[in-house]
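Structural description and commentary
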Amino acid sequence: METTDQQHHEDPNQAPKPIEHDYAAHENDPGPSPQAVEEDNDKGAGPVMKWAIPIIVIVLIIVWWFLK
């Protein structure tokens, strides 16, 4: 059995913590950094998957069509 530490607990009904501006003052219980909240998600898997999945589907359809 895995031992887990339950120190971190957030109530889903409460508002999220505000963006952290002074980490040293809240080192024991910091909020998210500005970069974590404001960063664009343009380097994720979404743009790759948008092109990879249709290409894979087309290749598989062509292979299926020739082997049918």
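Let me sum up the structure you'll find in this document. (Residues numbered from 1 in each chain as written. Predicted model: local features only at pLDDT ≥ 70, side-chain atom pairs only at ≥ 80, totals over all residues. Heavy atoms only, no water.)

**Description of the overall build of the chain**
Looking only at helices and strands, the chain has two helices and zero strands in total. Counting all 68 residues of the chain, 3% fall into the buried class. Total accessible area computed for the chain in this model is approximately 7000 Å², and 60% of it derives from carbon and sulfur atoms. (Helix = DSSP H or I, 4+ residues; strand = E, 2+ residues; numbered from the N terminus. Buried < 20%, exposed > 50% of the residue type's maximum accessible area, 1.4 Å probe, protein only. Areas by Shrake-Rupley, 256 points an atom, 1.4 Å probe, with all protein chains shown as cover.)

**Focus on the environment of Ile19**
Of note, Ile19 is situated in the segment before helix H1 (34-38). With a relative accessible area of 27%, Ile19 lands in the partly exposed category. Separated by 17 residues in sequence, Ile19 and Ala36 have C-alpha atoms that sit 8.9 Å apart.

**Some remarks on a nonpolar patch on the surface**
On the surface, Val48, Met49, Ile53, Val57, Ile58, Ile61, Ile62, Trp64, Trp65 and Phe66 cluster together into a nonpolar patch covering about 1100 Å² of accessible area. Structurally, Val57 is set in helix H2 (residues 46-67). (Patch = residues over 30% accessible without salt bridge, like charges linked within 9 Å, V, L, I, M, F, W, Y side chains within 5 Å. Salt bridge = Lys/Arg side-chain N within 4 Å of Asp/Glu carboxyl O.)

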